[in-house]
Amino acid sequence: MAIQWGATLFSSPMTHRVLDNNSAPTEVLQAGSAFQIAARWEVPAALASLVGAGDSFRLRAYAESIGPGQELLIDEESVGAVVNQTVYTHTLNVNPNPLFGEGVPFNGVPVSGIYNIVLVLQHLNGAVATVHSGCSDQQPMVMFKAP
């Protein structure tokens, strides 16, 4: 997916990968075990000098259940911005892992254990959110198996 840079009509890419607790990309994880999400995004070169030294990016990770299950914010972190930097990478650490595995009851119904992990990025000027934001949801769905 992409980041939209407000009224400038610029956009730039944003991607992510879910990593097992051994840092390997994966599509099946153990429920309850820590995992990571490696994010990458770009600032258009024409706008990189406008990102201020006091700016930052708020990076949020959401889990959206496919079928019965949880829908929740699983991590949120701040990443400092650097003037003239065009490529950013950051690894979110989801620990403890709050997602239920396949067949575990949630609200009286066994969950599917299949989740779509989505990242949302927002640019902050100091502590004030700007109109520059985007998302990444191209990661394959992830299955959490019960322990």
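If you're wondering where the values come from, they're calculated on a predicted model, not measured in any experiment.

**Brief notes about the overall build of the protein**
Phase 1 of the analysis: Within the protein, the regular secondary structure consists of zero helices and twelve strands.
Phase 2 of the analysis: Listing each helix as α and each strand as β along the protein from the N terminus yields β-β-β-β-β-β-β-β-β-β-β-β.
Phase 3 of the analysis: Counting across all 147 residues of the protein, residues that qualify as buried make up 39%.
Phase 4 of the analysis: By sequence separation, contacts in the protein at least 24 residues apart represent 65% of the contacts at least 6 residues apart.

**Considering the side chain of Asn97**
Phase 1 of the analysis: Structurally, Asn97 can be placed in the loop between β7 (87-94) and β8 (105-106).
Phase 2 of the analysis: Taking relative accessible area as the criterion, Asn97 reaches 6% and is therefore assigned buried.
Phase 3 of the analysis: Looking at Asn97, its side chain comes within polar contact range of the main-chain nitrogen of Leu99, at 2.9 Å.
Phase 4 of the analysis: Setting aside residues up to four positions removed in sequence, Asn97 forms contacts with Gln30, Ala31, Gly32, Ser33, Ala34, Phe35 and Phe144.

**Some thoughts on the packing of aromatic side chains**
Phase 1 of the analysis: For the structure on display, the rule yields six aromatic pairs.
Phase 2 of the analysis: Measuring from centroid to centroid gives 5.6 Å for Trp41 and Tyr88, while their planes differ by 5°, and the two rings are stacked. Note that Trp41 is positioned in strand β4 (residues 35-42) and Tyr88 in strand β7, a separation of 47 residues in sequence.
Phase 3 of the analysis: A centroid spacing of 5.6 Å and a plane angle of 75° characterise the contact between Tyr115 and Phe144, whose relative ring orientation is edge-to-face. One end of the pair, Tyr115, is in strand β10 (residues 114-125); the other, Phe144, is in strand β12 (residues 142-145), and 29 residues separate them in sequence. Across the pair, Phe144 and Tyr115 agree in class, each one buried.
Phase 4 of the analysis: A connected cluster of aromatic rings, assembled from ring pairs, spans Phe35, Tyr115 and Phe144.

**Here we look at the pattern of salt bridges**
Phase 1 of the analysis: Evaluated as defined, the whole model comprises two salt bridges.
Phase 2 of the analysis: Between Arg40 and Glu42 there is a salt bridge whose closest N-O contact spans 2.7 Å.
Phase 3 of the analysis: With its nearest N and O atoms 3.6 Å apart, the salt bridge here joins Arg60 to Glu76. Placement of Arg60 in strand β5 (residues 55-65) and of Glu76 in strand β6 (residues 71-80) is noted, with a sequence separation of 16 residues between them.

**Notes on the environment of Val120**
Phase 1 of the analysis: Mapped onto the fold, Val120 is located in strand β10.
Phase 2 of the analysis: Distance in space between the C-alpha atoms of Val120 and Ala81 is 16 Å, their sequence separation being 39 residues.

**Describing the nonpolar core**
Phase 1 of the analysis: Counting 32 residues, the largest nonpolar core has Ile37, Trp41, Phe57, Ile74 and Ile117 as the members making the most contacts within it.
Phase 2 of the analysis: Among the elements of the structure, β1 (2-5), β2 (11-19), β4, β5, β6, β7, β10 and β12 are those that each provide at least two residues to this core.
Phase 3 of the analysis: Not counting chain neighbours up to four residues away, the residues in contact with Ile74 comprise Phe35, Ile37, Ala61, Tyr62, Ala63, Val94, Pro98, Leu99 and Ile117.

**Brief notes about unusual backbone geometry**
Trans peptide bonds make up most of the peptide bonds, and negative phi angles are found at most residues other than glycine.
Phase 1 of the analysis: The omega angle of the peptide bond from Asn95 to Pro96 is 0°, so this bond is cis rather than trans.
Phase 2 of the analysis: Mapped onto the elements, Pro96 comes out in the loop between β7 and β8.
Phase 3 of the analysis: Here the phi dihedral of Asn84 falls at roughly 70°; this positive angle occurs in a residue that is not glycine.
Phase 4 of the analysis: Inspection of the secondary structure puts Asn84 in the loop between β6 and β7.
Phase 5 of the analysis: Backbone geometry places Asn107, a non-glycine residue, at a positive phi of 55°.

Cut-offs applied
- Residues numbered from 1 in each chain as written.
- Predicted model: local features only at pLDDT ≥ 70, side-chain atom pairs only at ≥ 80, totals over all residues.
- Heavy atoms only, no water.
- Helix = DSSP H or I, 4+ residues; strand = E, 2+ residues; numbered from the N terminus.
- Buried < 20%, exposed > 50% of the residue type's maximum accessible area, 1.4 Å probe, protein only.
- Contact = heavy atoms within 4.5 Å.
- Polar contact = N/O pair within 3.5 Å; in protein donor to acceptor, adjacent residues only side chain to side chain.
- Phe/Tyr/Trp six-rings, centres within 6.5 Å; stacked < 30°, edge-to-face > 60°.
- Salt bridge = Lys/Arg side-chain N within 4 Å of Asp/Glu carboxyl O.
- Core = buried A, V, L, I, M, F, W, Y, C linked by side-chain atoms within 4.5 Å.

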